[in-house]
Amino acid sequence: MNLQWLEELPQLPRAVRMVIVVAAHIALFAVAYLGAFLIRFDFAFPEHWHAVILSTFPVALASKVLVFAVLRNFNGWWKYVSLHDILELARSLAIAGALFLFVNVFVRVPD
């Protein structure tokens with residue numbers, strides 16, 4: 001796969017690139033979260049699950065973004081991914097999942 005055209009693009013300021021990277025991650029997190037519910041319910045959300053999905057969606061996104069920011073997963077080159085990077089990604093997602101579980105069990109008041 002020839003990606004040389006990517007290297008020829010003009011360099012954007014670091015702040016702009018960071019906003020694009022974080023926005024792309026948020027979009028992927030959202031698709032993964034909603035996709036998990038779609039797969040769980042055979043691509044049709046039951047009516048009584050709408051409130052649960054809407055109330056936990058911001059918590060899921062916030063926990064993932066917070067953990068990725070603290071562990072500096074938004075930095076670095078994804079052009080050369082190694083096993084170490086995959087393990088770091090798995091660690092970040094496990095910590096974010098644990099934070100999401102903690103918030104839902106101990107902090108968030110059920111509706």
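Everything here concerns the structure above.
As the structure is a prediction and not an experimental result, all values here were calculated from the model. (Residues numbered from 1 in each chain as written. Predicted model: local features only at pLDDT ≥ 70, side-chain atom pairs only at ≥ 80, totals over all residues. Heavy atoms only, no water.)

Colleague: Explain the overall build of the protein chain to me, please; I cannot follow it from the model alone.
Modeller: Broken down by element type, the protein chain carries four helices and zero strands. Tracing the protein chain from N to C terminus, the helices and strands come up as α-α-α-α. Counting the 111 residues in the protein chain, one finds 16% classified as buried. Carbon and sulfur atoms form 72% of the exposed surface of the protein chain, whose accessible area is close to 8,500 Å². (Helix = DSSP H or I, 4+ residues; strand = E, 2+ residues; numbered from the N terminus. Buried < 20%, exposed > 50% of the residue type's maximum accessible area, 1.4 Å probe, protein only. Areas by Shrake-Rupley, 256 points an atom, 1.4 Å probe, with all protein chains shown as cover.)

Colleague: For this particular structure, what's the right way to read the packing of helix α2 (residues 14–40) against helix α3 (residues 50–70)?
Modeller: Geometrically, a packed helix pair is captured by the angle between its two axes and the distance between the axes. Between α2 and α3, whose axes approach to 10 Å, the crossing angle comes to 140°. One element, α2, and the other, α3, form an angle in the oblique class. Viewed along their axes, α2 and α3 form a crossing whose handedness is right-handed. Listed contacts from α3 to H25, I26, F29, A30, Y33, L34 and F37 of α2 are I53, T56, F57, A60, L61, K64, V65 and F68. (Axes fitted to C-alpha atoms, helices over the stretch in contact; angles between N-to-C directions. Parallel < 35°, antiparallel > 145°, perpendicular 65-115°, else oblique. Left-handed = near helix turned anticlockwise from the far one by under 90°. Contact = heavy atoms within 4.5 Å.)

Colleague: Please explain the packing of aromatic side chains as it appears in this structure.
Modeller: The geometry of an aromatic ring pair is captured by the separation of the ring centres together with the interplanar angle, meaning the angle of the planes. The full count for this structure, using the stated rule, is 10 aromatic pairs. Seen from their ring centres, F102 and F106 are 5.2 Å apart, and the 45° between their planes marks the pair as tilted. Of the two residues, F102 and F106 both sit in helix α4 (residues 83–107), four residues apart, roughly one turn of that helix. On the basis of relative accessibility, which here comes to 63%, the residue F106 falls in the exposed class. (Phe/Tyr/Trp six-rings, centres within 6.5 Å; stacked < 30°, edge-to-face > 60°.)

Colleague: When you look at a nonpolar patch on the surface in this model, what are you seeing that I'm missing?
Modeller: Together, L101, F102, V105, F106 and V107 make up a nonpolar patch on the protein surface, roughly 550 Å² of accessible area in all. Examined against the element boundaries, V105 turns out to sit in helix α4. (Patch = residues over 30% accessible without salt bridge, like charges linked within 9 Å, V, L, I, M, F, W, Y side chains within 5 Å. Salt bridge = Lys/Arg side-chain N within 4 Å of Asp/Glu carboxyl O.)

Colleague: What exactly am I supposed to notice about the side chain of S63 here?
Modeller: Within the element layout of this structure, S63 appears in helix α3. Look past the residues within four positions of S63 in its chain and what remains in contact with it is A96, L99 and F100.

Colleague: Explanation requested: α2 in the structure shown.
Modeller: Since one α-helical turn is 3.6 residues long, residues separated by three or four positions face the same way. Over its 27 residues, α2 runs 39 Å from end to end, which matches the ideal 39 Å to within 8%, given 1.5 Å per residue. Those residues of α2 that sit buried are H25, F29, A30, Y33 and F37. On the buried face of α2, the contacting elements are α3 and α4. Among the residues trailing α2, D42 stands out with phi positive, at a value near 55°. (Expected span 1.5 Å × (residues − 1).)

Colleague: Quick question: what am I supposed to make of the environment of A60 here?
Modeller: The residue A60 is located in helix α3 in this model. Expressed as a C-alpha distance, the spacing of A60 and A30, which sit 30 residues apart in the sequence, is 8.5 Å. Residue contacts for A60: discarding those within four places in its chain leaves Y33 and F100.

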